[in-house]
Amino acid sequence: MNVDLTQFQETFFQECGEALDLMEATLLQLDIGAPDSEMVNTLFRGAHSIKGGAGMFGFAQMTSFTHGLETLLDGLRAGQLSVSGDLVELLLKSVDALREMISAVKGGALVDAALVDPLSAAIAAAAAAPKAEIPTAKPPIATRVPDDVPASPGRDAQGHSTTQWNIAFTPGPALLTRGNDPLRLLQELGGLGPVEVRADCEAVPAFAELDPEICCIRWNVVVHTEAPRDSIELIFDWAQGDCELVIDGPHRIAATSAPPRPEDSQHPAAAGAPPIPSENAAPVIRTEPAPKPSPAQVAGAADHDGARATARDGRPAAADAGSIRVSIEKIDELMNAVGEIVITQSMLTQQISGVQGIAAERLRDGLTLLERNVRELQESVMRVRMLPISVVFSRFPRLVRDLSQRLGKQIELKVSGEHTELDKIVLERIGDPLVHLVRNSIDHGIEAPEIREMSGKPAQGTLTLNAFHKGGSIRISVGDDGKGLDRDRILNKARERGLLAEGVALSDPEIYDLIFAPGLSTAERATDVSGRGVGMDVVRRNIVELGGTVDIDSQAGQGTQINITLPLTLAIVDGQLIGVGGDTYIVPLVTIVESLQIRPGAVSQLAGRGEVFEFRGDFVPLIRLRDLFGSKRDESRPDQGLVMVVEAEGRKVALFVDELLGQQQVVIKSLDTNYRRIEGISGATILGEGAVALILDVPGLIRLAADVNSRRAA
Amino acid sequence: MTQASTNSAKGPERPRQMLTFRLGDELFAVDILRVQEIRGWSEVTRIPRSPPHLLGVLNLRGSIVPIVDMRLRFGLSRAEFTPLTVIIVLSVTSEAGTRELGMVVDGVSDVVDMAPDALRELPTLGNRTSTELIAGLASIENRMVILLDVNELMAMEQSTPVAVAATAAA
Amino acid sequence: MNPTSTASDSGAPLGEVAVLPGNCTLRTADDLKAHLLPLAAAEGVVRVDASRVEQVDSAGFQLLVALGRALAHHGGALSIHSPSAAFRSAARVLGLEFLLEPVRAE
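Residues numbered from 1 in each chain as written. Chains lettered and ligands numbered in written order. Predicted model: local features only at pLDDT ≥ 70, side-chain atom pairs only at ≥ 80, totals over all residues. Heavy atoms only, no water.

## With respect to the overall build of chain A
Here is step 1: Looking only at helices and strands, one finds 21 helices and 22 strands in chain A.
Here is step 2: Taking all 714 residues of chain A together, 49% fall into the buried category.
Here is step 3: Across chain A, the fraction of contacts at a sequence separation of at least 24, relative to all contacts at a separation of at least 6, is 72%. (Helix = DSSP H or I, 4+ residues; strand = E, 2+ residues; numbered from the N terminus. Buried < 20%, exposed > 50% of the residue type's maximum accessible area, 1.4 Å probe, protein only. Contact = heavy atoms within 4.5 Å.)

Pasting the structure below:
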């Protein structure tokens, strides 16, 4: 009996997870002002089914919470209430709270009442607010602090139990130049709740001595928020190491006998304006300074944070009916086994090739069939690893919404191509770089509405996320219609940091590419140009590790688009086999622009910068692979041989090779499983005869060649 | 050296089985439990821009395994590869997974028992031979045997930055 | 654009007048400092017009803080005039609204 119940519970949790995901997605699409009735129904059904299940299993906290939610949604459904932005916010918070409750219940615990009760009260208040009375918010001090009045907790969080954090923030010397403007950090803090900001300018040196790039102002900030410590730390995440940060709290400040009494909800109040606990209590002005929290309160707060953490980890993944979970290792084992079969099969084909006779003929037929079957098997196994990119894209509507709200920007997110499939491993590892790029676009690319209007653009910025297949790879682009990159600023910084010699002329793509340079990204962050320096070198590294490339397209005042090209899979690549000094290498087909016989005079020496090859009227750097790889056999016939023009990240180079051997699909094996990563080599594969061939890392080679050339120049 | 004492402290009471192999005039030994297979020399795929002692990589049952010339690793002169030249494939399993490495030696000698008390600390000598891969010395059947530190050998191959080779003669 | 200009035609009895450029951020901080530097030695009240400021960050504000302190050091003061919305809101976020308070010449 017990066992059965657990089993049902597990199902219930899964269903809850799915219902909540659906509710969240619906909320994000909900049209404020004119909600689609079917959407409202979906919300109601979600809350209703969770309530039913929770009641059945005796999860009292969840039952009473969802009951309130259901009442509110019912009012919405009946048209007694209207959908406001604040209401959507409240409902989103409720979804989050339910997720936490589920994960708490799983561990046999309850979510801290201090978190749930104010939310319940706000829901009740919103449900009790009839449509007509929404403007008559009570208490009379309005729901939002007017723009020109300093934010003060006395207004926003009046007379209520609030949680207060005292933050001492002392910028370090490199903070500004790393792009962490205290203005932005403080703004984000303000997004958590009412703040009191005190600037301490004592340490600012005399004007003449002041280094404008070093911030000497210190800040003491009091934030009133129910958000956990994590949320505060997250804001300072990028500034870590470049500042001193003391986060003191949480301090519970009880001005009334919180939690709110049920009769509070009798007062009609504005539909749940954030912060949640604010307006459904009598206006009691807080006069006492922050009392020291009792140990018990502190402990309670710590538990609360703990519960949040587990809630995130324990969030149930939506489970498809009729699917099973298989570890990626098992699929890799399958892939390896298939790879072995391919090798054995081609070995057999080779051995039979010289044999005559009917028996040999039959054998050949059989082998041809085998080859086809194996190919199909290989593709099927590959498909097992593929997932649609919507798995990653789905987190962005919420991120964009939250972040743009916090920064006071208006941003519309346009997503397309979310059904494009790619390898699970690629998918897992592309998430963080994408979040980084999207954050950057919102944070620095897209301007504030006033500024946009001033430059004749619509107040609402547009952020586009797009994915599509192109050749054997997948393209993901993150674009915005913000202010674009400032090429002069990048150039200056690059020269300052010695990344670029004076007098070197670069094309625009080459200039934009500089923001990925580790040395520059620190400087670039500072520029606020469009702030894309924040860990851009890390973004590129992540992408390169996946065998991908990244390039930038930007126009001043028009916006920036970052294009990521990734292999569909990390397991297989279509390759061109080439011979270099007696060794066989593989060049990924996607990178090849053209292979051509070398013409006399097509190669010329560029003073101190190595050789260039004339290709379609352009001069591209020539890399002699034999030299670069230090190959043994070196019959130097400078004007004979083949040139293969390859392209990656918007840059072309010409590879000087001895011969072209053939094309084949190869299974990629990592070198660092047993050895380590090698510059210019992305992996290895096993050819038909069982010999190992190395796969060239074209973007890496291009960079390597640039290094060698600049060393030569020096 | 501390490694030797650590090893002896950890060592079981029973004798350990060691595989001994020849390298120049010296006799070396590795724990037989670390040896995955012994195979004859076969042509490897060269890795560009790698140190000279790394001969290349080999396909061993679908796994790409680096092959190290132990003579060069220990600073001895390069020897011709003969039919007697063998590759000892070592395998070490840790939390990070199983790692394999092949080492080319002059020849495999024997499998011997090593009593726990046979292990000696390495005398500090300032000779040309690098001591960084040596776990200790043991006297086995009246012969001095050098114990190879397999973990360190693997760790160094995985982490030493690739020598700036690129004979960039233009 | 030259951010500082002496307003001789305004007829104001006060000292120097500077107009802050649209961009007062880290990006332009070096230039801004160079332009404000002559004012730091000025006597009396220095008026700074912030109506054109579109972008301002901590670096920009720090320069103004330093300027104000320099002026106060020899009895003067910094007076910021008709701050733009961007300027005002940044001052609020940074806790530097005291810069916007009216000052009185001696």
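## A short note on the overall build of chain B
Here is step 1: The helix and strand tally for chain B stands at 3 helices and 11 strands.
Here is step 2: Counting only residues that meet the buried cut, chain B has 46% of its 170 residues in that class.
Here is step 3: Long-range contacts, defined as pairs at least 24 residues apart, comprise 59% of the intrachain contacts of chain B with a sequence gap of at least 6.
Here is step 4: When the accessible surface of chain B is split by element, carbon and sulfur atoms take 51% of a total near 8,500 Å². (Areas by Shrake-Rupley, 256 points an atom, 1.4 Å probe, with all protein chains shown as cover.)

## What to know about the packing of aromatic side chains
Residue and element names in this part refer to chain A.
Here is step 1: What the rule picks out here adds up to 11 aromatic pairs over all chains.
Here is step 2: Between the aromatic rings of phenylalanine 12 and phenylalanine 13, the centroid separation amounts to 5.8 Å while the plane-to-plane angle is 45 degrees, which identifies the pairing as tilted. In this structure, phenylalanine 12 and phenylalanine 13 share a single accessibility class: buried.
Here is step 3: A cation over an aromatic ring shows up here: arginine 77 above the ring of phenylalanine 44, its NZ or CZ 3.7 Å from the ring centre.
Here is step 4: A cation over a ring is seen here: arginine 624 above phenylalanine 656, with NZ or CZ 4.7 Å from the ring centre. (Phe/Tyr/Trp six-rings, centres within 6.5 Å; stacked < 30°, edge-to-face > 60°. Lys NZ or Arg CZ within 6 Å of the ring centre and 35° of its normal.)

## Focus on the interface of chain C and chain A
Here is step 1: With 30 residues of chain C in contact, the opposing surface of chain A contributes 38 residues.
Here is step 2: Carbon and sulfur atoms make up 61% of the surface buried where chain C meets chain A, a total of about 2,800 Å² over both sides.
Here is step 3: Three residues, Leu26, Arg27 and Gln62 of chain C, lead the burial of chain C against chain A; their summed loss comes to 25% of the area buried on that side.
Here is step 4: At the boundary of chain C with chain A, the tally comes to 2 salt bridges.
Here is step 5: A salt bridge links arginine 69 of chain C to glutamate 202 of chain A; its shortest N-O distance comes to 3.9 Å.
Here is step 6: Run the count over chain C and chain A and you get 11 residue pairs in polar contact (both at pLDDT 80 or more).
Here is step 7: When contributions to the side of chain C that touches chain A are tallied by element, the ones reaching two or more residues are α1 (29-40), β4 (55-56), α2 (58-73) and α3 (85-93) of chain C.
Here is step 8: Here the side of chain C that touches chain A gets 9 residues from one element, more than from any other, and that element is α2 of chain C.
Here is step 9: Counted by class, the side of chain C that touches chain A contains 17 nonpolar, 5 polar and 8 charged residues. (Buried area = accessible area lost by both parts, 1.4 Å probe. Salt bridge = Lys/Arg side-chain N within 4 Å of Asp/Glu carboxyl O. Polar contact = N/O pair within 3.5 Å; in protein donor to acceptor, adjacent residues only side chain to side chain. Nonpolar A, V, L, I, M, F, W, Y, C, P; charged D, E, K, R; others polar.)

## Some points on the sheet that holds strand β12 (residues 572-580) of chain A
Residue and element names in this part refer to chain A.
Here is step 1: Ordered in space as β20-β12-β13-β22-β21, the 5 strands form an open sheet in which the pairing is mixed. Looking at which strands have only one partner, the edges of the open sheet turn out to be β20 (659-667) and β21 (681-686). On average, each strand axis in the sheet is inclined to that of its neighbour by 35 degrees, with strand direction left out of account.
Here is step 2: Inspection of the sheet shows strand β13 (residues 583-588) paired to strand β22 (residues 692-696) by 2 bridges, in the parallel sense. Bridging across to β22, isoleucine 586 finds its partner in isoleucine 695. (Pairing = 2+ DSSP bridges. Axes fitted to C-alpha atoms, helices over the stretch in contact; angles between N-to-C directions.)

## Describing the packing of helix α13 (residues 396-407) of chain A against helix α14 (residues 424-445) of chain A
Residue and element names in this part refer to chain A.
Here is step 1: As a packed pair, α13 and α14 sit with axes 10 Å apart at the nearest point and diverge in direction by 30 degrees. For the element pair α13 / α14, the angle class is roughly parallel. Crossing geometry of α13 relative to α14 is assigned as right-handed. Contacts from Phe396, Leu399, Val400, Leu403, Ser404 and Leu407 in α13 reach Leu434, Val435, Val438, Arg439, Ile442 and Asp443 in α14. (Parallel < 35°, antiparallel > 145°, perpendicular 65-115°, else oblique. Left-handed = near helix turned anticlockwise from the far one by under 90°.)

## Let's talk about the pattern of salt bridges
All names here are of chain A.
Here is step 1: Scanning the model with the defined rule gives 35 salt bridges over all chains in all.
Here is step 2: Put simply, arginine 398 and glutamate 24 hold a salt bridge, and the shortest N to O gap is 2.8 Å. With a gap of 374 residues between them, arginine 398 in helix α13 and glutamate 24 in helix α1 (residues 2-29) connect regions that are remote in the sequence.
Here is step 3: According to the relative accessible area criterion, glutamate 24 is buried, its value standing at 13%.
Here is step 4: Taking the shortest distance from any N to any O, the salt bridge between arginine 487 and aspartate 488 comes out at 3.5 Å.
Here is step 5: Linked by salt bridges that have partners in common, Asp21, Glu24, Glu89, Asp96, Arg99, Arg398, Arg401 and Asp402 make up one network.

## Focus: the packing of helix α3 (residues 60-77) of chain A against helix α5 (residues 113-128) of chain A
Residues and elements named next belong to chain A.
Here is step 1: In the contact formed by α3 and α5, the axes pass within 8 Å of each other and the chain directions differ by 25 degrees. By the angle class used here, α3 and α5 are roughly parallel. Crossing of α3 over α5 shows left-handed handedness. For the pair α3 and α5, the contacting residues are Gln61, Phe65, Gly68, Leu69 and Leu72 in the first and Val116, Leu119, Ser120, Ile123, Ala126 and Ala127 in the second.

## Observations concerning the environment of glycine 241 of chain A
Here is step 1: Relative to the elements of secondary structure, glycine 241 of chain A occurs in the loop between α8 (229-235) and β4 (243-253).
Here is step 2: For glycine 241 of chain A, a relative accessible area of 74% corresponds to the exposed category.

## Digging into unusual backbone geometry
Here is step 1: Positive phi outside glycine occurs at arginine 616 of chain A, with the angle close to 45 degrees.
Here is step 2: Look at serine 82 of chain C: it is not a glycine, yet its phi comes out positive at around 30 degrees.
Here is step 3: Mapped onto the elements of the fold, serine 82 of chain C is located in the loop between β5 (77-81) and α3.

## Some words on the nonpolar core
Here is step 1: In this structure, Leu189 of chain A together with Leu20 of chain C are the most contacted members of the largest nonpolar core, which totals 61 residues.
Here is step 2: Broken down by element, the residue count for this core peaks at 9 residues, all from α2 of chain C.
Here is step 3: Filtering out sequence-adjacent residues up to four positions away, leucine 189 of chain A remains in contact with Ile167, Val195, Val221, Val223, Ile232, Ile235 and Phe236 of chain A.
Here is step 4: Within the second largest apolar cluster, 59 residues are counted, among which are Tyr585, Val646 and Ala648 of chain A together with Leu148 of chain B. (Core = buried A, V, L, I, M, F, W, Y, C linked by side-chain atoms within 4.5 Å.)

## Considerations on the side chain of arginine 99 of chain A
Residues and elements named next belong to chain A.
Here is step 1: Of note, arginine 99 is situated in helix α4 (residues 85-106).
Here is step 2: Of the residues examined, arginine 99 reaches a relative accessible area of 8% and is grouped as buried.
Here is step 3: Only 3.2 Å separates the side chain of arginine 99 from the side chain of glutamate 24, close enough to count as a polar contact.

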